[in-house]
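Chain by chain, the residues run as shown.
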Amino acid sequence: MEIACIIVAAGRGTRAGGDVPKQYRLLGRQPVLTRAIGAVLADSRVGRVVCVIDADDGELYQEATVGISDRRLDQPVYGGPTRSESVRNGLESLAVNAPNKVLIHDAARPFLSAELLDRVIGALASSEAVFPCLPVTDTIWSVSDGNLEPVDRQRLARAQTPQGFTYGKLLDAHRRNKTALTDDIAVARVAGLSVQAVAGSDENIKLTSGGDFVWAERAHFMDVRTGTGYDVHAFCEGDHVTLCGIKVPHSKGLLGHSDADVAMHAITDAIFGAVSEGDIGQWFPPSEAAWKGADSAIFLRKAVERAMANALRLNHLDCTIVCEAPKIGPHAESMRKRISEITGLPGNRISIKATTSEGLGFTGRGEGIAAMATATLVNQ
Ligand code: MG
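Residues numbered from 1 in each chain as written. Predicted model: local features only at pLDDT ≥ 70, side-chain atom pairs only at ≥ 80, totals over all residues. Heavy atoms only, no water.

1. A closer look at the state of the cysteines
What is meant by a disulfide is a covalent connection between two cysteines, made through their sulfur atoms.
In step 1: Summed over all chains, the structure comprises 0 disulfides.
In step 2: We note that Cys5 lacks a disulfide partner, and the nearest cysteine sulfur, in Cys51, lies 8.1 Å from it.
In step 3: A residue is classified by how much of its surface remains accessible, and Cys5, at 1% relative accessible area, is buried. (Disulfide = S-S within 2.5 Å. Buried < 20%, exposed > 50% of the residue type's maximum accessible area, 1.4 Å probe, protein only.)

Pasting the structure below:
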């Protein structure tokens with residue numbers, strides 16, 4: 001059985017937001033169309049794949065397919081003003097060396113699984129037209145003309161793609177069809193083909209709204225970044241130290257260009273590390289007078305701002321302060337609260353803890369305070 005697949009990618013859909021049609025929008029750093037093509041090419045029974053694109057999208061298509069070396073991907077063909085016409089153009093392009101069977105798939109469904117593709121292809125052995133569908137689980141109301149009527153959802157099903165057909169019969173049905181129909185099962189049904197439904201898949205979502213893209217990124221392309229920070233400041237004359245933005249009374253102060261908040265500096269560097277954008281010293285050079293005595297919250301806010309600019313969201317912070325004195329425990333809760341205020345991260349995702357170094361080394365001799373931090377960021 002020779003199987004070809006037409007991927008319909010001619011829509012101008014920008015309901016999802018962004019400045020390119022949704023099938024060219026990036027998902028996990030790859031265009032949606034690239035993923036849809038890959039999902040179909042993953043099945044070795046598919047011998048040819050043709051995308052139907054808009055005449056204005058040639059460049060976007062080239063970019064989306066430049067990395068695909070599989071020779072089964074044919075040159076694209078241009079679509080028409082309606083979906084039906086686009087599909088027909090795709091079918092006509094296959095007429096030389098016509099396949100036995102053809103699959104029609106939406107470019108906006110990049111999560112087609114091997115199992116679903118197998119169900120559709122399997123059912124084509126005994127039916128002229130096959131489509132995957134899902135039951136309706138929401139309660140459905142008819143709201144036309146201001147009249148509210150209940151609809152029996154048991155009688156309804158949601159159609160998905162890929163839909164599979166006997167090639168010659170579908171081409172013939174499209175040649176005779178004169179009305180704009182939204183899927184090819186409708187065209188096949190009008191032409192009297194035998195139709196079989198198979199189980200669809202919830203994963204096989206058609207990306208439509210901006211929210212669909214946010215969901216898909218989170219569900220399929222979780223991007224977790226971890227950064228570490230380390231800082232040391234020496235003690236000097238004084239009557240308090242500032243740690244995580246909290247003034248802690250002490251017999252000494254901490255020496256530094258800014259407020260010498262060693263713990264907040266470690267946290268800030270951990271975030272800069274997770275974003276891969278240098279460290280505090282690069283963003284706020286000690287040589288610049290502006291940062292003399294500065295509240296270190298300025299540095300931490302900048303790191304959080306850089307995370308957001310890179311579409312990353314702070315997910316967790318862990319900081320360990322190393323000193324013999326002062327005691328950190330009584331202030332840990334206030335420190336957590338202050339870091340939460342500055343970063344916007346909920347307090348239960350912030351950990352501030354302390355340890356001594358058992359009298360060993362510079363911290364053990366009471367010469368200064370060290371702090372270490374780990375920041376975990378995820379894609380937004
Ligand atoms: Mg420092």
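That was the structure; now back to the text.
2. Some details on unusual backbone geometry
In step 1: In this chain, Thr161 is followed by Pro162 through a cis amide linkage whose omega measures 10°.
In step 2: Topologically, Pro162 is positioned in the loop between strand S10 (157–159) and strand S11 (163–166).
In step 3: Across the junction of Ala325 and Pro326, the peptide omega takes the value 0°, indicating a cis bond.
In step 4: Inspection of the secondary structure puts Pro326 in the loop between strand S17 (312–322) and helix H11 (332–343).
In step 5: In the Ramachandran plot, Ala260 falls in the positive-phi region, its phi being about 60° despite a non-glycine side chain.
In step 6: Residue placement: Ala260 occurs in the loop between strand S16 (252–254) and helix H8 (262–275).
In step 7: Within the chain, Glu358 stands out as a residue other than glycine whose phi angle is a positive 55°.
In step 8: You can see Glu358 is positioned in the loop between strand S18 (350–355) and helix H12 (361–364). (Helix = DSSP H or I, 4+ residues; strand = E, 2+ residues; numbered from the N terminus.)

3. Comments concerning the environment of Ala373
In step 1: Tracing the sequence through the fold places Ala373 in strand S19 (residues 368–379).
In step 2: Overall, the relative accessible area of 4% leaves Ala373 in the buried class.
In step 3: Taking C-alpha positions, Ala373 is 65 Å from Leu193, a pair spaced 180 residues apart along the chain.
In step 4: Those residues in contact with Ala373, other than ones at most four positions away along the chain, are Gly227, Thr228, Gly229, Ala266, Ile267, Ala270, Asp318 and Cys319. (Contact = heavy atoms within 4.5 Å.)

Everything listed here is a matter of coordinates, which is why it stays silent on function.
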